[in-house]
Each structure stands twice: as structure tokens, then as C-alpha cells.
Amino acid sequence: MLKVALAYVLASLLVFWLLGGLLIWLGAPDWANEFLLLVLAIGFPVALIFAWAYEITPSGLKKSLDVDQTQSIVFKTGQKLNAAVLVLAVLGVLALVGEQLLPTFEFPKIIEPILPAPVYEKPDKEGVPAEIRAHTLKNGLRIIVWPDHDIPNVVMYNYVRAGGRNEYPGITGLSHFFEHMMFNGTEKRAQGEFDETMEAAGGANNAYTSEDLTVYQDWFPRTALETIFELEGDRLKNLAIEPSVVETERGIVYSERRSNYDNDNFGRLYLEMNATAFIAHPYQFPVIGWASDIENWTQEDLESYFKTYYAPNNLTMVFTGDVKPEEVFNLARKYFGPIPAQEAPQAIRTVEPEQLGERRLLIEVDAPTPLMHVAFHAGNATDPRTLPMNVLLNILVGGSSSRLHQVLVEQEQLALAIGGFQMEGFDPGLVYFYLTLPPDADIAVVENRLLEELNRVATDGVTEAELAKARNIMIADYWRGLSTINGKAATLGGAEVFFGDYQEAFALPGKLDEVSAEQIQAVAEDIFNRKRMTLGVLRSPAGEDAQ
């Protein structure tokens with residue numbers, strides 16, 4: 001009987017190791033492992049009863065000697081018990097294959113798994129929804145899931161850490177180029193088939209590229225979940241970088257550059273501003289790429305860039321909507337797990353040196369309305385000055401009731417429009433203001449009034465009413481964003497990528513409450529320094545006298 005027990009335990013270990021690994025490889029649901037454990041657990045006492053009946057009991061010993069075992073009542077009983085276990089196992093296999101017989105089947109955790117199940121990270125900070133889960137695959141792919149079952153739809157964001165900052169002269173624009181290439185066929189799918197398959201399943205997609213990231217977005221019904229995983233896994237693993245397709249997309253990107261920058265006054269000035277404000281850091285390069293680089297990327301450039309930056313260890317995926325974390329992680333192991341990790345991309349070591357004096361540029365082209373752009377060097381996403389500056393920008397240019405709009409547009413009518421933003425990337429960026437001026441504008445007067453208003457914040461600060469209003473607007477925007485599954489995905493992903501922890505997404509309300517008028521004044525005094533200012537003007541040659 002002891003031999004039977006020992007043999008059964010060893011055999012069970014082997015079976016669980018083999019079948020457990022197979023179930024993980026197949027992406028089976030978590031209950032499959034528990035079911036396998038239950039079958040093995042039931043089988044153990046069955047085996048012991050069978051052994052006891054034949055080795056211990058007098059009737060069993062006598063029948064084992066006197067009667068053909070195939071006719072033994074005890075043996076027949078053992079057969080029935082073993083048959084019952086076998087039937088249970090068959091039902092489990094049918095449920096696993098059919099995915100319908102036992103769709104919500106769960107077993108109590110009788111014993112701990114012999115092989116540890118994947119550990120999914122749970123939130124550990126106050127105020128973070130408890131249902132969120134995160135997991136990193138063995139190949140380094142980071143995945144975050146926020147279930148939301150209000151509607152049967154799902155959103156996926158794939159954050160690729162590849163943007164303009166990862167480029168250098170000769171390959172500028174490659175990050176944006178791959179945003180195009182990722183929709184242009186794989187070794188398994190023809191050009192256009194990615195979109196056709198997704199749309200046939202009820203889904204839609206988009207993508208964008210910035211100085212820091214390339215982000216891919218999928219919106220689809222829950223029924224298309226595995227289809228999306230298959231499509232995304234295929235293009236990450238098998239993207240076809242065919243020379244003929246490359247040349248076609250090269251022409252499309254070049255046309256996009258001409259349309260949005262070369263022939264667009266705002267875009268033209270924006271590119272020149274960045275190239276002037278940054279003299280060392282790759283933020284100086286246009287995300288679209290320099291024209292000569294677009295014309296001359298090589299096949300080797302493309303293949304090397306894709307292999308390095310589209311490796312799973314350089315990606316973060318976020319899923320929100322009508323999903324369960326376990327099913328997302330299982331599908332991820334199935335479709336993304338086989339993609340090998342690569343050596344981490346080279347870190348960006350260049351630090352922009354401190355600007356020690358004003359920089360100015362003038363572009364003279366046909367311009368019905370002159371443009372003025374003003375930029376100041378500031379911090380990165382994690383800089384403690386960034387949030388107070390965002391609050392200040394809301395006060396200064398956040399809508400028609402903002403300070404600068406009221407003064408420069410409504411009251412003094414020096415500008416037709418004014419706006420602004422702050423770069424919040426991996427590395428220190430800019431606080432950027434842009435103004436559209438009347439055709440007969442006195443550009444020097446506009447500049448002086450703008451700088452006077454910025455200096456007024458640095459010397460006099462903001463009022464408590466202005467601060468409260470800005471807080472209210474930002475908090476309302478924050479909660480409005482989290483009310484949709486798309487907003488949830490974008491918020492989680494941004495926090496994970498830039499702050500290193502998706503839970504930071506839920507700290508914003510508390511941090512906003514801590515921003516004081518004194519902090520805002522100090523940040524304005526620090527950043528609105530004319531020695532760290534770059535000012536650009538675009539106007540018609542006939543407007544030269546107005547300078």
C-alpha cells in the first residue's frame with residue numbers, strides 16, 4: 001500500500017508538470033489547473049482504497065489468491081471508482097475544448113499548486129481600484145488590465161518606447177514611419193488585411209507618435225478579443241518590411257511632412273523653434289523627420305530599428321473594458337509570449353546644457369496672419385515643478401476666461417488667439433506659448449505685453465479664486481477622462497510609462513489639492529526667465545517694418 005501511495009505521488013507530480021506546462025502553453029483558463037489538481041486528488045484515495053482492498057482485507061487477500069481478479073467484486077468496485085475519475089477527467093477535457101460546457105466552472109482550492117501559478121500584481125496604494133491587475137511576461141512585456149463590465153467593449157493601448165528622442169541625424173522620423181508600417185502587412189497577412197480583419201470583427205484602430213512614444217490603439221467588442229491578440233501578436237512578430245511597401249510609405253510620409261510642416265506656417269515655425277531651443281538633446285529633431293532623412297533611410301536602418309524598439313521588453317500594453325485579467329494574461333502568453341526579448345535600447349545620455357541667453361528666429365514667408373511662438377526650458381514629467389506649471393497654464397491660457405486670452409485677445413486686441421502647453425516627457429522639455437496675430441500687428445508690442453504678464457505672475461502670483469477655478473477644471477477633466485474605458489487606458493498607460501507605476505494615475509486629485517499659490521509663483525519665477533527663452537516670429541516680408 002505504501003508503494004502504491006509513493007508511486008501515485010511521483011506519477012502525479014510528473015503528470016501535473018507535463019500537463020500543467022501544456023495548459024499554460026495553450027493558454028488554458030486558470031480553472032484548468034485546479035481541475036487537474038482535483039482529479040489527481042480524487043484519484044489518490046481511490047488508489048489507496050484499491051490497494052487496501054487487495055493487500056489488507058482478508059476477503060481481498062483470499063480473492064487475490066483464489067479467484068480470477070477480473071471476476072473479483074472488489075476489483076470491479078475499483079474499476080468503477082477509477083472509471084468515475086476517468087469520466088470526471090473526460091468532462092474537464094470537453095469543457096476545456098468546447099469552452100461552453102463549464103464556462104464558469106470553479107473548484108475550491110483544496111491544495112496549493114505543486115507548480116506556482118503566475119502571480120498577478122495587485123494594487124497596494126490607497127485610492128486605486130482593487131480590480132486592476134498587472135503582470136510582466138518572461139520576455140519583459142508589461143501588461144495592465146482594468147476590468148469594466150458596463151458595456152461589452154474593450155480598449156487596448158500599446159505603448160512603444162520609441163519616439164523622436166530615440167533618433168539621430170540620418171534616421172530622424174523612423175518612429176513615425178513605423179507607425180505607418182505597422183498597418184502594412186506581415187509575413188502571414190497581405191497589405192490592408194490587418195484593418196480588414198479588425199473591422200470585420202467590429203473593431204477600429206489608430207496610432208500616434210510623439211517625441212517620447214509611439215502608441216497604438218484598438219477599440220473592439222469583447223467577442224473580438226482573441227482576434228485582436230492574434231493580429232497584434234502577428235505584426236509584432238512577423239512585420240513585413242518589404243522594399244516596395246517601404247518606398248510607397250516613404251512617399252506618403254514625405255507628402256505628410258510637406259502638408260503639415262513645409263506648407264503650414266504653424267508647423268514650419270514649430271519645427272524651427274524646437275531646433276533652436278534644443279542644441280544638444282534629440283528633442284530638437286522633428287518627429288516627422290528631416291526631409292533628407294526621409295529620402296535616405298536604408299533597409300538596414302529599418303530592420304535594426306524595428307528589432308530594437310518593437311521588442312516585447314520595450315512595450316507596455318493596457319487593456320480596459322469587458323475583460324477578466326486572467327484571460328488577458330493567458331492570451332498574452334499565447335500570442336506574445338513566444339516573441340523573444342532583445343537587448344534594451346541604448347539609453348539617451350545627452351543632457352541639454354543650460355541656456356544662458358535669449359534665442360530668436362525670424363521666418364519670412366507668405367503669412368496672412370503673423371505668428372509668434374515663445375518657449376521656456378522646463379522640467380520632465382516627474383519634475384516637481386511640472387504639476388504647478390500645468391495649473392498655471394490653465395490659469396493663463398485655459399479657455400476664453402483665462403488671463404492671457406482676456407488681456408491680449410479680448411481687452412487689448414493684440415492677438416487673435418493664444419494657447420500654450422507643457423512638454424511632459426522622459427526628459428526636460430519646454431513650456432510653449434503660441435499666438436496668432438492680426439495682419440497689422442506690432443510684434444514688438446505683443447512680445448512686451450506677453451512678457452509683462454508672465455513677469456506679473458512671477459512677482460505677484462495668482463489669486464486664490466484663480467487657483468480654485470483651475471483646480472476645479474483639472475479635476476473635472478480628470479474624472480471625465482476616467483468615465484470611459486478609453487480614458488482609463490490612456491490614464492493608466494501614461495502613469496505607467498512616464499512615472500513607472502500605473503497607480504500614480506490615481507494620485508492626481510490629492511496632488512492638485514496640495515498645489516499652493518506660493519508654489520505657482522515660485523515656479524513662474526524660476527521658469528519664465530528670459531535667459532532661457534526662445535522666441536520665434538513668422539511673418540510676410542512686407543511686415544518687416546512692424547518688427
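Before going into details, it helps to say that this report is about the structure given with it. (Residues numbered from 1 in each chain as written. Predicted model: local features only at pLDDT ≥ 70, side-chain atom pairs only at ≥ 80, totals over all residues. Heavy atoms only, no water.)

## Side note on the packing of aromatic side chains
Next up, step 1: Evaluation of the coordinates by the stated rule reveals 25 aromatic pairs.
Next up, step 2: Summarising the aromatic geometry, the rings of Tyr-216 and Tyr-310 are spaced 6.2 Å apart at their centres and angled 65° between planes, so their arrangement reads as edge-to-face. With a gap of 94 residues between them, Tyr-216 in strand β5 (residues 214-221) and Tyr-310 in the loop between α11 (299-309) and β6 (315-321) connect regions that are remote in the sequence.
Next up, step 3: An aromatic cluster of at least three residues, connected via ring pairs, comprises Phe-177, Phe-178, Phe-183, Phe-194, Tyr-216, Trp-297, Tyr-305, Phe-306, Tyr-309 and Tyr-310.
Next up, step 4: Against the face of Phe-183 rests Arg-235, its NZ or CZ located 4.8 Å from the ring centre.
Next up, step 5: A cation sits over an aromatic face here: Lys-488 above Trp-146, 5.1 Å from the ring centre. (Phe/Tyr/Trp six-rings, centres within 6.5 Å; stacked < 30°, edge-to-face > 60°. Helix = DSSP H or I, 4+ residues; strand = E, 2+ residues; numbered from the N terminus. Lys NZ or Arg CZ within 6 Å of the ring centre and 35° of its normal.)

## Let's talk about the environment of Trp-479
Next up, step 1: Here Trp-479 is to be found in helix α16 (residues 464-482).
Next up, step 2: Judged by relative accessible area, which is 49%, Trp-479 ranks as partly exposed.
Next up, step 3: On a C-alpha basis, the gap between Trp-479 and Pro-509 in space is 9.4 Å, while along the polypeptide they are 30 residues apart. (Buried < 20%, exposed > 50% of the residue type's maximum accessible area, 1.4 Å probe, protein only.)

## Quick look at the packing of helix α13 (residues 386-397) against helix α19 (residues 517-527)
Next up, step 1: The geometry of α13 relative to α19 is characterised by a closest axis approach of 9 Å and an angle of 90° between their N-to-C directions. By the criterion of interaxial angle, the relationship of α13 to α19 is roughly perpendicular. Taken together, the residues of α19 that come into contact with α13 (itself represented by Pro-388, Met-389, Val-391, Leu-392 and Ile-395) are Ile-520, Val-523, Ala-524 and Ile-527.
Next up, step 2: Along the lines of polarity and charge, the residues of the contact of α13 with α19 split into 9 nonpolar, no polar and no charged. (Axes fitted to C-alpha atoms, helices over the stretch in contact; angles between N-to-C directions. Parallel < 35°, antiparallel > 145°, perpendicular 65-115°, else oblique. Contact = heavy atoms within 4.5 Å. Nonpolar A, V, L, I, M, F, W, Y, C, P; charged D, E, K, R; others polar.)

## Quick look at the packing of helix α5 (residues 174-181) against helix α8 (residues 243-262)
Next up, step 1: Axis separation between α5 and α8 bottoms out at 10 Å; the angle between their running directions is 120°. The angle between the axes of α5 and α8 places the two elements in the oblique class. Judged by the twist between their axes, the crossing of α5 over α8 is right-handed. Facing α5, whose interface residues are His-176, Phe-177, His-180 and Met-181, α8 presents Val-245, Val-246, Glu-249, Arg-250, Ile-252, Val-253 and Glu-256.
Next up, step 2: Within the contact of α5 with α8, the residues separate by chemical class into 6 nonpolar, 2 polar and 3 charged. (Left-handed = near helix turned anticlockwise from the far one by under 90°.)

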